[in-house]
Amino acid sequence: MFKRSSDSVLNQPSYTNYWVSRILSNTCFQMLSVAIGWQMYALTHSAFSLGFVGLAQFLPMVVLTLVVGHVADRFDRRVITLLCLIVEAMIAACLFAETFVGALERFQILLFAAGLGACRAFEGPASSALLPQIVRQDLVQQAVAWTTSGGQAAQILGPSLGGVLYSLGPNYVYSTVTVALVVASILNGFIRVEKTIRVHKRVSMQSLFEGLVFVYRHKVILGTISLDLFAVLLGGATALLPIFAQDILHTGAWGLGLMRSAPAVGALLMSIVFAYYPLKKAVGMTLFGALAVFGLATMLFAVSTHLVVSLIALFLVGASDVVSVVIRSSLVQLQTPDEMRGRVNAVNSLFIGTSNQLGEFESGMVAGFIGAVPAALIGGLGTLVVAGIWMYLFPSIRRIRSLSEA
């Protein structure tokens, strides 16, 4: 077992409340996504309706990006997160009530999905920008690692728990989520932050776009955020897993389940390692090295014809991705002044969400034209090329030796 050091962020009550609240919130979102999707399909038996559910959750993040960042910088981030958790609990309670009386329709599901997406759009940047107000700067990397591990645990636990509870009935999901979000709200209320003096500038088009301008002018932040966009956009092979399971590895649904879990398990274990053993040296080169491993592991998965090899490759994909995520998130947090963190984290959230969504779309389109194996192989190679180009375009990232230097 790892031994927790005296400087562990988990010894700080405010961070512990923040961490558990984030785990509950993310787990509940995964559970709601499963339940809403299943219930929509049960009502409509339409794949298009399922697509609209995903679109309803994603569109608010795109539309509200500039607004949510400005709000996170202008108002108390803890209060914003609290309000989002309360509204999400109310949405779950409404889903419970509508399902209980048998009045839930397609339009209502889409409306609730959009409301949930809007809450997540506000909650993400506010909670991310809140983190450096809770822990010391020298503990930011450790805090990001623990927060990432909690997020990975939620991605593993949420869909599974949601599926099990939904098999008993959708209201088992909605009632559990409602209670869990209330608990998350209470924990959020116990978070204590450093007092910050906010300059309440008049809302203008200039203030709304300041986040984008700041990212563009600061090369380390621009490089780290855009690196995620293009690396994940090209290297995302997870959308192709059903094809590999059925047509290449011939494993069926059970093999697909293992392959979907492997990256999350790798990510979870690596984030825990990072939490106990923070990176001290060669931060910039480690970032590019992790991307190289990500690309090579994706290529190994592409050419593998054995399930065990494929699972090892996917494990490495998840583990290397977390190394990249922790370093990039830490750099963004440390390089951004507090009064800009909301807007910068909003831009970061948009880039991450866009890369995940478009990455799956890109992989599916390329696989449709040339096949799944060449598509995944080209995606992994594309990640290697992006890492090399970004090392050349952003030498300031490559030269970063430590996060304290950043």
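Provided above is the structure to which this section pertains.
Nothing here was measured: the structure is a model prediction, and the numbers come from that model.

Q: I tried to follow the overall build of the protein on my own but got confused; where do I start?
A: A tally of regular secondary structure across the protein gives 16 helices and 0 strands. Sequence separation of 24 or more characterises 86% of the internal contacts of the protein that already satisfy a separation of 6 or more. For the protein, the accessible surface area stands at approximately 18,500 Å², while carbon and sulfur atoms represent 70% of it.

Q: Just to check I follow, could you spell out the packing of aromatic side chains for this structure?
A: Both the distance between ring centres and the angle between the ring planes are used here to describe each pair of aromatic rings. The tally for this structure, following the rule as stated, stands at 6 aromatic pairs. Geometrically, the ring pair formed by Trp19 and Trp146 is edge-to-face, given 5.6 Å between the ring centres and 75° between the ring planes. Of this pair, Trp19 sits in helix α1 (residues 13-44) while Trp146 sits in helix α6 (residues 140-168), and the two are 127 residues apart along the sequence. Take Trp19 and Trp146: they sit in the same class, and that class is buried.

Q: Any chance you could explain the nonpolar core here in plain terms?
A: As a rule of thumb, nonpolar side chains are buried together in soluble globular proteins. Residues Tyr15 and Val135 are the most contacted members of the largest nonpolar core, which totals 48 residues. Considering each element in turn, this core owes the most residues, 7 residues, to helix α13 (residues 307-335). With residues near it in sequence (within four places) discarded, Tyr15 still touches Val9, Leu10, Leu131, Ile134, Val135, Ala143, Trp146 and Thr147. In this structure, Phe29, Ile91, Leu95 and Leu104 belong to the second largest nonpolar core, which totals 29 residues.

Q: Is there a simple way to think about the packing of α6 against α13 in this case?
A: A pair of packed helices can be characterised by two numbers: the angle between their axes and the separation between those axes. Relative to each other, α6 and α13 sit at 130°, their axes nearing to 9 Å. Comparing their axes, α13 and α6 come out oblique. Of the two elements, α6 crosses α13, and the hand of that crossing is right-handed. Taking contact as the criterion, the partners of Val140, Gln141, Val144, Ala145, Thr148 and Gln152 in α6 are, on α13, Val322, Val325, Val326, Ser329, Ser330, Gln333 and Leu334. For the contact of α6 with α13, the class distribution of residues is 7 nonpolar, 6 polar and no charged.

Q: Can you walk me through the pattern of salt bridges in this structure?
A: Tallied over the entire structure, the rule returns 3 salt bridges. For Arg22, the salt bridge goes to Glu123, with nearest N and O atoms at 2.3 Å. Highlighted residues: Arg22 in helix α1 and Glu123 in helix α5 (residues 106-130), separated in sequence by 101 residues. A residue is classified by how much of its surface remains accessible, and Arg22, at 8% relative accessible area, is buried. Among the salt bridges present, the one from Arg77 reaches Asp73, with a minimum N-O distance of 2.9 Å. By sharing partners, the salt bridges in this structure join Arg22, Arg120 and Glu123 into a single network.

Q: Looking at this structure, I do not really get the packing of helix α3 (residues 65-74) against α5. What am I missing?
A: Relative to each other, α3 and α5 sit at 45°, their axes nearing to 9 Å. Comparing the axis directions of α3 and α5 gives the class oblique. Crossing hand, α3 versus α5: right-handed. Along the contact surface, α3 presents Val67, Val68, Val71 and Ala72, while α5 presents Ala121, Phe122, Pro125 and Ala126. Here the residues of the contact of α3 with α5 are counted per class, giving 8 nonpolar, no polar and no charged.

The rules behind the values
- Residues numbered from 1 in each chain as written.
- Predicted model: local features only at pLDDT ≥ 70, side-chain atom pairs only at ≥ 80, totals over all residues.
- Heavy atoms only, no water.
- Helix = DSSP H or I, 4+ residues; strand = E, 2+ residues; numbered from the N terminus.
- Contact = heavy atoms within 4.5 Å.
- Areas by Shrake-Rupley, 256 points an atom, 1.4 Å probe, with all protein chains shown as cover.
- Phe/Tyr/Trp six-rings, centres within 6.5 Å; stacked < 30°, edge-to-face > 60°.
- Buried < 20%, exposed > 50% of the residue type's maximum accessible area, 1.4 Å probe, protein only.
- Core = buried A, V, L, I, M, F, W, Y, C linked by side-chain atoms within 4.5 Å.
- Axes fitted to C-alpha atoms, helices over the stretch in contact; angles between N-to-C directions.
- Parallel < 35°, antiparallel > 145°, perpendicular 65-115°, else oblique.
- Left-handed = near helix turned anticlockwise from the far one by under 90°.
- Nonpolar A, V, L, I, M, F, W, Y, C, P; charged D, E, K, R; others polar.
- Salt bridge = Lys/Arg side-chain N within 4 Å of Asp/Glu carboxyl O.

Note that every value here comes from positions in space, so none of it alone points to a role or purpose.
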